[in-house]
Amino acid sequence: MHTDARAGRPWKTSSLARGLYVVAMLIVAFFALFPLYWTVATALKPGEMPFAIPPAWLFRPSLEHVRFAFGEGSIGMQRAFPNSLLIATTNTLLSVLIGGAAAYGLARFPIRGKKHLWFWIISNRMLTPVALALPFFLLGNSLGILDTRLILVLTYLTFNVPLVVWILVGFFQTIPSSLDEAARIDGASQWAIFARIAVPLALPGVAVAAIFTFIFAWNELMFALVLTRESARTMPVLTTAFITGLGTRWGPMAATSTVTVLPIMILSLSVSRYIVRGLTLGAIK
């Protein structure tokens, strides 16, 4: 029996392990991608074919449901997509700025009660959105900012800033404090040290935090459903608008869902190597 010289074990055993690994990955990929395939297929199946029993696996694609979702059946697509893009982008920028500064402070300065402050910041991610929906609604109503992009941006900050802090503290802690001291001797201010030294060195972590923040802000449904009506409606909320008292328009809903998921898929695939690199660097450091 041949032996794999590099592994020091029988070749057949090594091939079997690799084969089982490939099969396991294919099974995982199937369960991960099948819901996406079914959503796209439902959007492209004509008429009542999405409800056919047994399911129709082979069919001629039709844009009937797509035209309804973005044409005569549109319930604000031209407004919802820009809303989602603007809200997610603004929230990401503010979360990274505020959370990055807070993470740098926690990592660098001797703050009294730092452990308690750290736990309080992280505990904000443990809160159940359902429990906070009504207080945020009453607060937004009293301030007169319901159904605006502003209330969603501010609401998402309460959850995304702790996420950014949690990701970036570890990166800032690994930067040698001697760099700060050298820059301070050269006359750099604390903000200059943060912006010109700490942030560039922690850039992989900043990229990871920004990507996850954008994804969470784009996909959020609960607060967007409670705090908006028409003007600030986002894509996830628009998707639920096809559920009516007369029934659910599954085809148009699938078409809207596909458009909602598409930007996140493109973003994730485009920056996947940076996500892995940033998370790996954080783990190694």
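All of these numbers come straight from a predicted model, not from anything done at the bench. (Residues numbered from 1 in each chain as written. Predicted model: local features only at pLDDT ≥ 70, side-chain atom pairs only at ≥ 80, totals over all residues. Heavy atoms only, no water.)

Asker: Requested: an account of a nonpolar patch on the surface, with residues and values cited.
Answerer: On the surface, Tyr21, Val22, Met25, Leu26 and Val28 cluster together into a nonpolar patch covering about 510 Å² of accessible area. The residue Val22 is located in helix α1 (residues 11–44) in this model. (Patch = residues over 30% accessible without salt bridge, like charges linked within 9 Å, V, L, I, M, F, W, Y side chains within 5 Å. Areas by Shrake-Rupley, 256 points an atom, 1.4 Å probe, with all protein chains shown as cover. Salt bridge = Lys/Arg side-chain N within 4 Å of Asp/Glu carboxyl O. Helix = DSSP H or I, 4+ residues; strand = E, 2+ residues; numbered from the N terminus.)

Asker: Hey, could you go over the packing of aromatic side chains for me, with residue numbers and the actual values?
Answerer: Counted according to the given criterion, the structure contains 18 aromatic pairs. With a centroid separation of 6.0 Å and an interplanar angle of 90 degrees, the aromatic rings of Tyr104 and Phe109 are classed as edge-to-face. The exposure class of Tyr104 is buried, given its relative accessible area of 3%. Note on Phe109: relative accessible area 35%, which makes it partly exposed. (Phe/Tyr/Trp six-rings, centres within 6.5 Å; stacked < 30°, edge-to-face > 60°. Buried < 20%, exposed > 50% of the residue type's maximum accessible area, 1.4 Å probe, protein only.)

Asker: Any details on the environment of Ala202? Residues and values, ideally.
Answerer: With respect to the helices, strands and loops of the structure, Ala202 is situated in the loop between α8 (190–201) and α9 (203–219). A sequence separation of 28 residues divides Ala202 from Thr174, and the C-alpha atoms of the two residues are 9.0 Å apart. Apart from the residues lying within four places of it in its own chain, the contact partners of Ala202 are Phe171, Phe172 and Ile175. (Contact = heavy atoms within 4.5 Å.)

Asker: Which residues make up the environment of Leu157, and what values do they have?
Answerer: On the secondary structure map, Leu157 appears in helix α6 (residues 149–173). Using a relative accessible area of 14% as the deciding quantity, one classes Leu157 as buried. Residues Leu157 and Ala217, spaced 60 residues apart in sequence, show a C-alpha to C-alpha distance of 9.2 Å. Among all residues touching Leu157, those that are not within four sequence positions of it are Asn91, Leu94, Ser95 and Pro162.

Asker: Describe the packing of helix α4 (residues 114–123) against α6, listing the residues and the values that go with them.
Answerer: For any two helices packed against each other, the geometry comes down to the angle between their axes and how far apart the axes lie. Interaxial distance between α4 and α6 falls to 8 Å at its minimum, and their mutual angle equals 130 degrees. In terms of their interaxial angle, α4 and α6 are classed as oblique. At the point where α4 passes α6, the crossing takes the left-handed sense. Touching Trp118, Ile121 and Ile122 of α4 are Pro162, Val165, Trp166 and Val169, all from α6. (Axes fitted to C-alpha atoms, helices over the stretch in contact; angles between N-to-C directions. Parallel < 35°, antiparallel > 145°, perpendicular 65-115°, else oblique. Left-handed = near helix turned anticlockwise from the far one by under 90°.)

Asker: I'd like a description of the packing of α8 against α9, backed by residues and values.
Answerer: Following both chains from N to C, one finds α8 and α9 inclined at 75 degrees, their axes separated by 5 Å at the closest point. Judged by the angle between their axes, α8 and α9 are roughly perpendicular. Here Val199, Pro200 and Leu201 of α8 lie close against α9, whose contacting residues are Leu203, Pro204 and Val206. Residue composition of the contact of α8 with α9, by class: six nonpolar, no polar and no charged. (Nonpolar A, V, L, I, M, F, W, Y, C, P; charged D, E, K, R; others polar.)

Asker: So what's going on with the pattern of salt bridges? Residues and values would help.
Answerer: Per the counting criterion, the structure on display carries two salt bridges. Between Glu230 and Arg233 there is a salt bridge whose closest N-O contact spans 3.3 Å. Overall, the relative accessible area of 12% leaves Arg233 in the buried class.

Asker: Describe the side chain of Asn83, and please don't skip the residues or the numbers.
Answerer: With respect to the element layout, Asn83 can be found in helix α3 (residues 77–108). Every residue in contact with Asn83, bar those within four places of it in the chain, is listed here: Arg149, Ser231, Ala232 and Arg233.

Asker: Can you tell me about the environment of Ala217, naming the residues and giving the values?
Answerer: Of note, Ala217 is situated in helix α9. Accessibility expressed as a relative area gives 6% for Ala217, which makes it buried. Ala217 sits 127 residues away from Thr90 along the chain, and the two C-alpha atoms are 9.6 Å apart. Apart from the residues lying within four places of it in its own chain, the contact partners of Ala217 are Ala88, Asn91, Tyr156 and Asn160.

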